[in-house]
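Summary of the model geometry
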Amino acid sequence: MKEPKHIPEPTLKSATALSAIEMNKIRFSSKRTLLTPERLKN
């Protein structure tokens, strides 16, 4: 089994920690992508 890559933690001055409730309020897109075998082949 391969070891996972180490990704350094970014140092963002404007970032804030979000609670679970705050994260649930965020919606990136209302559209959903339908995955079909044809789309997965491309």
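Here goes a summary of the coordinates provided.

Cut-offs applied
Residues numbered from 1 in each chain as written. Predicted model: local features only at pLDDT ≥ 70, side-chain atom pairs only at ≥ 80, totals over all residues. Heavy atoms only, no water. Helix = DSSP H or I, 4+ residues; strand = E, 2+ residues; numbered from the N terminus. Buried < 20%, exposed > 50% of the residue type's maximum accessible area, 1.4 Å probe, protein only. Areas by Shrake-Rupley, 256 points an atom, 1.4 Å probe, with all protein chains shown as cover. Lys, Arg positive; Asp, Glu negative; His and termini not counted. Charge placed at Lys NZ, Arg CZ, Asp CG, Glu CD. Patch = residues over 30% accessible without salt bridge, like charges linked within 9 Å, V, L, I, M, F, W, Y side chains within 5 Å. Salt bridge = Lys/Arg side-chain N within 4 Å of Asp/Glu carboxyl O.

Once that is clear, we can look at the overall build of the protein chain. Scanning the protein chain for helices and strands turns up two helices and zero strands. In terms of overall dimensions, the protein chain has a C-alpha envelope of 40 × 35 × 15 Å along the principal axes. Every one of the 42 residues in the protein chain was classed for burial, and the buried ones make up 0%. Working note: accessible area of the protein chain is about 5,400 Å², and carbon and sulfur atoms make up 58% of it. Taken as two groups, the 9 positive and 4 negative side-chain charges of the protein chain have centres that lie 9 Å from each other.

There is a patch of nonpolar side chains on the surface, built from Leu18, Met23, Ile26 and Phe28 and spanning about 460 Å² of accessible area. Tracing the sequence through the fold places Phe28 in the loop between α1 (20-25) and α2 (37-41). According to the relative accessible area criterion, Phe28 is exposed, its value standing at 81%.

On the secondary structure map, Lys25 appears in helix α1. Overall, the relative accessible area of 65% leaves Lys25 in the exposed class. Separated by 21 residues in sequence, Lys25 and Pro4 place their C-alpha atoms 30 Å apart.

Now for the environment of Ser30. Summarising the element assignment, Ser30 is placed in the loop between α1 and α2. Using a relative accessible area of 75% as the deciding quantity, one classes Ser30 as exposed. Sequence separation of Ser30 and Lys41 is eleven residues, and the distance between their C-alpha atoms is 25 Å.

In short, shape yes, function no, at least from these values alone.
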